[in-house]
Each structure stands twice: as structure tokens, then as C-alpha cells.
Amino acid sequence: EGDYAQLIVHFGGLLQAMYTLYMSMTGGINWGDAADELGRVHTWLLCFYSTFIAFSVLCILNVVTGVFVEHASAITKFDAVNMVMEEL
């Protein structure tokens, strides 16, 4: 029981696991700490967790960032067109 106390804190229930995954993705906790606890149980859990973190941080968050940058670029382009029209 004592060896798995941190595992239960991070992954003791569905909501706790979801919260740990969210915090790991967004930098709220060091994802390595939670990964180490999963690695003690089984190596495959560590692989799945690391794959989730890599996918979510590298893919999903980059897509979300890209959407915001594209939107900001469109607003800036529209503003530049308006400034040219005002000059004429």
C-alpha cells in the first residue's frame, strides 16, 4: 500500500486520472512524476502515458495554437487593408 500511495493520489479514480492527465498536459505537474508511478506498475503503462503526453503536447496543442495564430494573422491582414484604404 505504501509503495502505491502516489499512484493512488494521481490515478486513484477516473476524475483523479483525468485531472492528472490535464495537469500533465498543461504543465501543472511534472509529467515525469506521474509517469514514474505508472512505470512501477508496468512498463506498458509508462509507454502509453508517454505517448499520450507526446501526442497531446506536440499535436493537439500545436493545432490549437495554429488556429489562434491563423485568426490573428487574418485580423492583421484585414487591418492592413483598411489602413491602405484610409491612405487613399
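Sequence positions are assigned chain by chain, starting from 1 and proceeding in written order. Note on the predicted model: pLDDT of at least 70 is required for a residue's local features to be given, and 80 or more for side-chain atom pairs to be given and counted; whole-chain, interface and lining totals, by contrast, use all residues. To get the side-chain values, take all heavy atoms of the structure and skip hydrogens and water.

Chemist: What exactly am I supposed to notice about the confidence of the model for the chain here?
Modeler: Here pLDDT means the predictor's own confidence in every residue, given as a number from 0 to 100. Mean pLDDT over the chain stands at 85; residues scoring 70 or higher make up 93%. Helix and strand definitions follow DSSP, with helices as H or I runs of at least four residues and strands as E runs of at least two, each counted in order from the N terminus. Averaged pLDDT values for the elements of the chain fall to 84 in helix α4 (residues 43–87) and rise to 91 in helix α2 (residues 14–26).

Chemist: Explanation requested: the packing of aromatic side chains in the structure shown.
Modeler: Each aromatic ring pair is described using two quantities: the centre-to-centre distance and the angle formed by the ring planes. When the centres of two rings from Phe, Tyr and Trp lie within 6.5 Å, Trp using its six-membered ring, the rings pair. Their planes under 30 degrees apart give stacked, over 60 give edge-to-face, and anything left gives tilted. Per the stated rule, a full pass over the model turns up two aromatic pairs. On the basis of an interplanar angle of 90° and a centroid distance of 6.0 Å, the ring pair of Phe11 and Tyr49 is categorised as edge-to-face. Linking Phe11 in helix α1 (residues 5–11) with Tyr49 in helix α4, this pair joins segments that are 38 residues apart in sequence. Here's how the labels work: a residue is buried when its accessible area is under 20% of the maximum for its type, exposed when over 50%, partly exposed in between, all with a 1.4 Å probe on protein chains only. You can call Phe11 partly exposed: its relative accessible area is 21%. Relative to Phe48, the ring of Trp44 has its centre 6.1 Å away and its plane inclined at 35°; by these criteria the two rings are tilted.

Chemist: Help me understand α2, please; the structure alone is not making it clear to me.
Modeler: Note on helix geometry: an α-helix contains 3.6 residues per turn, so any two residues three or four positions apart are oriented the same way. Working rule for helices: expected span equals 1.5 Å times residues minus one. Relative to the 18 Å expected for 13 residues at 1.5 Å per residue, α2 spans 18 Å between its end C-alpha atoms, a close match to the ideal helical length. Backbone geometry just downstream of α2 places Gly27 in the positive-phi region, at approximately 90°.

Chemist: How should I be thinking about the state of the cysteines in this particular structure?
Modeler: Note on terminology: disulfide describes a covalent bond linking the sulfur atoms of two cysteines. The disulfide definition used here is simple: a pair of cysteine sulfur atoms within 2.5 Å. Summed over all chains, the structure comprises zero disulfides. With no disulfide of its own, Cys59 lies 17 Å from the sulfur of Cys47, the closest cysteine sulfur.

Chemist: Which parts of the structure should I look at to understand the environment of Gly39?
Modeler: With respect to the helices and strands, Gly39 occurs in helix α3 (residues 31–41). Taking the C-alpha atoms as reference points, Gly39 and Ala72, 33 residues apart in sequence, are found 41 Å from one another.

Chemist: Please explain the environment of Gly66 as it appears in this structure.
Modeler: Checked against the element boundaries, Gly66 lands in helix α4. For Gly66, a relative accessible area of 35% gives the class partly exposed. As for Gly66 and Cys47, which are separated by 19 residues in sequence, their C-alpha atoms are 27 Å apart.

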